Amino acid sequence: MPLQRSAVRLTPAGCETVGVIYLDHAATTVVRPEVREAMAPYLDECFGNPSGVHRVSQRAKNAVEDARERAAALLGAARPLEIVFTGGGTEADNLAVAGPVLAAGTGAGVVASATEHQAVLETAAFLARLGHPVTLLPVDGEGRIDPYAVAAAVTEETAVVSVMAANNETGVLQPLRKIAEAAKGASPGVAVHTDAVQAFIAEEITVEETGADLIALASHKLGGPKGMGLLYVRDGVALEPVIHGGGQELGRRSGTHNVAGIVGMVAAMEASVADRADFRRRVGAARNGFEARLAELVPGLEANAPRDARLPQHAHLRIPGIPAETLLIRLDQAGVAAAAGSACHSGAIEISHVLAAMGMSETAAAECVRFSFGWVDEPRDGVAAAEVVAQVIEAMR
Amino acid sequence: MRALVAMSGGVDSSVAAAIMLEQGHDVVGVTLKQWEGADGAMPTAGCCTVGDAEDARRVAAQLDVPYYVLDYVDEFRTGVVERFGAAYMAGLTPNPCIECNRTVRFSALLERTTQLGCDVLVTGHHARVDRDRGRFRLRTAVDGTKDQSYVLHMLGQGELARIRLPVGEMTKAEVRERAAVLGLRTAAKPDSQDLCFVGHGDYRDFLRSHFPAAARPGNIVATDGTVVGSHRGTVDFTIGQRKGLGVAVGEPRYVVDIEPATATVVIGRREDLQVVGCDLEQVSFVAGAPPRDSAVTVKVRYRARPVPADLQRSGGSWRLTFPTPQLAVAPGQAAVFYEGDEVLGGGVITATHPVP
């Protein structure tokens, strides 16, 4: 048969993000222009390694320490050295959970909510394999943790309590201050960790507001570069590092500093904090408009997080009768990007442990989809998105 | 038209996707996640591994078509793997690829095709679908050594109307050549040989680990029931097997029956292996109705040569009679009827009738 090569394009056509209705900002969001600008010199003439004697290193070190100071101020940390730069939010969670337990030694335990991100749960599972006691706390039907349950679960042996500020799937907010108080009431020496990766862009996440001893953040959720995160570590909390090496970050996280990443992340943090009130208003309006319009067009819709205690950017919905796996594909075909559960390496969707912990059946969970808005959205974008999504659902019914 | 192409990561499905594009259709590539290990991860050996999904994804990227992975783990476990184990333990010789086509690929996935916004389902199977005077035909592949029409025999008019098999018109060499010219990374990839869910080792290791009763030691008996030896697990035997019996009686002996429930292997002489007919169940006809002529040719195994047979109704089902006795006809296998290169239909072999 003759070969018609021209009909088959073999070169990939770049990244098509123009024209896509992107409703997956909870997975990752658009990189801010000021972030690119801030990072540029560190991918160019300011290439130095901060760990050195000479002036090239000094310039780099100044940039890192300046960023550290600014990050500390944004979080309300008492001292800049309470900020540990890591290779991402997952790594920060690993350090926050394993660090105190391994430092405390045999018998030291973990108490965490059953809806934590896998970065926390898998670290806890790893510690369990090493023989440390792990207690996972159940959540109610809306995904919330009861502070009393925390107090009841914490013992003298508990090294760390981990409850996320907001859930990455449903967006539900946890009562962090009450949880921290309950934990410390049960055992004053326990370290309280909160994964604030999803919450930081929308909520006031500071040391005082959260009452936490350990706060994990991820750069890319804020419009910064991927592969960069930080862990706030209250002075006095002992941590065994998880990344060993040259002793950077006061021994807590070794490895040559990702100078450009650090500068970029802190620029993203600054922009996020400055924009927070407006983000809540703007993005909240987009999300609310989306949900309201979609509910008008698609009967039977259910929201999975309580309206009064969730992030402004999340719309985690159950669409009865519409399997999420097929819906996401049809949405992609219509140029809409959304998410469900979590993707395994092969790309297939796995049923969410968060929804299971909330008591949802597998069949119901298989009908849940997460739509999430971002810093680039305007209020009117919500209604427009809802109309496209409704059309796709209609075509499937 | 928009075509849903089932991409296994092999060269056949890669080229099938490319041909649909050449013909001017839109393509959506999918890989089926069918099996996961105990930890939920996709297997890393055998067919349909993470590596294979990666290959499929890259070919889709090369062809610039959307690509998704669909979760069929539950359907596959109940419809294929559990059925395979249960059939084996009942003393049958199952063909899980046929059950997969019957319950997953060409039913569940075919139904999904419309839901996924597509018009036809495309696979890289070596077989041909065409239209002849208003009805759809399923025919053997141009490349007789690669023909897979046997495992597609259960398809009917409704299915064939919505299926395309683009590589059936090509020899394997032509498929590889086309892939190489297109620069597809799977051009030189060797064909997967094993059952897709078996992974490391072979189906016997799989049965041993998932159905330990199949690995119980037991007796080897003659057709009259006399114990003539012992074995270390019925998994090591198949109907018609001659070697590895560990029994020396001067003339060749063959496995004529296997009973995993009692861990018994029955051996006999060559004549004991011969059957003059067999009963069938789950019989289907591609045309939707039985052929007018009861004389057909039949394959009783995937690799068997087609032999003449007579197809007759029997009770509520069908039976085949072989004018020339056939060896090693194993219940659980499919019997597929042909007329020349056209598949007429097929069914599952239940009981066999020995030479009277």
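Rules of the game
- Residues numbered from 1 in each chain as written.
- Chains lettered and ligands numbered in written order.
- Predicted model: local features only at pLDDT ≥ 70, side-chain atom pairs only at ≥ 80, totals over all residues.
- Heavy atoms only, no water.
- Helix = DSSP H or I, 4+ residues; strand = E, 2+ residues; numbered from the N terminus.
- Rg over C-alpha atoms; globule rule 2.2 N^0.38 Å.
- Buried < 20%, exposed > 50% of the residue type's maximum accessible area, 1.4 Å probe, protein only.
- Contact = heavy atoms within 4.5 Å.
- Areas by Shrake-Rupley, 256 points an atom, 1.4 Å probe, with all protein chains shown as cover.
- Lys, Arg positive; Asp, Glu negative; His and termini not counted.
- Charge placed at Lys NZ, Arg CZ, Asp CG, Glu CD.
- Polar contact = N/O pair within 3.5 Å; in protein donor to acceptor, adjacent residues only side chain to side chain.
- Arc of directions from axis to C-beta.
- Salt bridge = Lys/Arg side-chain N within 4 Å of Asp/Glu carboxyl O.
- 1 Å grid on protein atoms, 1.4 Å probe; cavity = no way out; pocket = protein on both sides within 12 Å on 5 of 7 lines; lining within 4 Å.
- Points joined across faces, edges and corners; volume = space filled by probe spheres on them.
- Nonpolar A, V, L, I, M, F, W, Y, C, P; charged D, E, K, R; others polar.
- Expected span 1.5 Å × (residues − 1).
- Bend = angle between axes of the 7 residues up to and from the residue.
- Pairing = 2+ DSSP bridges.
- Core = buried A, V, L, I, M, F, W, Y, C linked by side-chain atoms within 4.5 Å.

(A) Structural detail: the overall build of chain B. Tallying secondary structure elements over chain B gives 8 helices and 17 strands in all. Relative to the 2.2 N^0.38 estimate, which gives 21 Å for 356 residues, the radius of gyration of chain B is 21 Å and therefore close to what a compact globule would have. The principal-axis extent of the C-alpha atoms belonging to chain B is close to 65 × 50 × 35 Å. Burial status across chain B gives 54% buried among its 356 residues. Sequence separation of at least 24 residues holds for 64% of the intrachain contacts in chain B that already meet a minimum separation of 6. When the accessible area of chain B is evaluated, it comes to approximately 15,100 Å², of which 50% is carbon and sulfur surface. Charge-centre separation for chain B: the mean point of 39 positive side chains lies 2 Å from the mean point of 42 negative side chains.

(B) Quick look at the overall build of chain A. Within chain A, the secondary structure is distributed over 12 helices and 14 strands. The proportion of buried residues among the 397 residues of chain A is 55%. Contacts in chain A between residues at least 24 apart in sequence constitute 74% of all its contacts with a sequence separation of at least 6. As presented, chain A carries roughly 16,600 Å² of accessible surface, and 53% of it is formed by carbon and sulfur atoms. Across chain A, the mean location of the 33 positive side-chain charges is 4 Å away from that of the 47 negative side-chain charges.

(C) Expanded view of the side chain of Ser254 of chain A. All names here are of chain A. Following the sequence through the fold, Ser254 ends up in the loop between β8 (229-233) and α8 (259-297). Here Gly245 takes part through its backbone nitrogen, which lies 3.1 Å from a polar atom of the side chain of Ser254. For Ser254, the side chain forms a polar contact with the main-chain nitrogen of Gly246, separated by 3.4 Å. With residues up to four places along the chain from it excluded, the contact list for Ser254 reads Ile243, His244, Gly245, Gly246, Gly247 and Gln248.

(D) A look at helix α6 (residues 176-186) of chain A. Residues and elements named next belong to chain A. Those residues of α6 lying buried are Leu176, Ile179, Ala180, Ala182 and Ala183. What you see down the axis of α6 is that its buried residues fit within an arc of 165°, all on one side. Counted as exposed and oriented over 90 degrees from the buried face of α6: Lys178, Glu181 and Gly185. Looking at the buried side of α6, the elements it contacts are α5 (147-153), β5 (158-162), β6 (191-195) and α7 (207-210).

(E) Up close: the pattern of salt bridges. Counted according to the given criterion, the structure contains 45 salt bridges over all chains. A salt bridge links Arg282 of chain A to Asp275 of chain A, with the nearest nitrogen and oxygen atoms 3.3 Å apart. Neither residue differs from the other here; Arg282 of chain A and Asp275 of chain A are each classed as buried. In this structure, Glu296 of chain A engages Arg293 of chain A in a salt bridge whose closest nitrogen and oxygen atoms are separated by 2.5 Å. Here the residue Glu296 of chain A and the residue Arg293 of chain A both occupy positions in helix α8, the gap between them amounting to 3 residues, near one helical turn. What you see here is one network of salt bridges that share partners, running through Asp12, Lys146, Lys172, Arg176 and Asp191 of chain B.

(F) Structural detail: empty space enclosed by the protein. All names here are of chain A. In the structure shown here, the tally under the stated rule is 1 cavity of 30 Å³ or more. Empty space within the largest cavity amounts to approximately 70 Å³. Lining the largest cavity are His25, Ala26, Thr29, Gln198, Ile201, Lys221, Phe279, Gln313, Phe373, Gly374 and Trp375. The class makeup of the residues in the lining of the largest cavity is 5 nonpolar, 5 polar and 1 charged.

(G) Structural detail: helix α3 (residues 89-104) of chain A. Residues and elements named next belong to chain A. For α3, built from 16 residues, the straight-helix expectation of 22 Å at 1.5 Å per residue is met to within 8% by its first-to-last C-alpha distance of 23 Å. Of all bends in α3, the biggest is about 30°, found at Ala98, and the proline Pro100 comes one to four residues later. Among the residues of α3, those classed as buried are Gly89, Glu91, Ala92, Asp93, Leu95, Ala96, Val97, Ala98, Gly99, Pro100 and Val101. Following α3 by one or two positions, Gly105 adopts a phi angle in the positive range, close to 95°.

(H) Representation of the sheet that holds strand β1 (residues 2-6) of chain B in the model. Residues and elements named next belong to chain B. Strand order in the open sheet formed by 5 strands is β3-β2-β1-β4-β7, with parallel pairing between adjacent strands. Strands with a single pairing partner mark the edges of an open sheet, and in this sheet they are β3 (67-71) and β7 (163-164). Examined bridge by bridge, β1 and strand β2 (residues 26-33) share 5 bridges and lie parallel to one another. Note on β2: the bridge partner recorded for Val5 is Gly29.

(I) Fine view of the nonpolar core. Core analysis: the largest hydrophobic core is formed by 91 residues, its most contacted members being Phe85, Met269, Phe290 and Phe371 of chain A. In contact with Phe85 of chain A, other than residues within four places in its own chain, are Val64, Ala67, Arg68, Met228, Gly229, Leu230, Glu249, Arg253, Ile262, Met265 and Val266 of chain A. In terms of nonpolar packing, the next biggest core, distinct from the first, is built from 48 residues, Leu4, Phe106, Leu116 and Ile163 of chain B among them.

(J) Geometry of the pairing of strand β8 (residues 218-222) of chain B. Residue and element names in this part refer to chain B. In this sheet, strand β9 (residues 227-231) lies alongside β8 in antiparallel orientation, the contact comprising 4 bridges. Note that in β9 the partner of Val221 across the bridge is Val227. Linking β8 back to β9 in an antiparallel pair, the connection comprises 4 residues, with Gly225 at a positive phi of about 95°. Across 3 bridges, the pairing between β8 and strand β11 (residues 264-268) is parallel. If you follow Ile220 over to β11, its bridge partner there is Val265.

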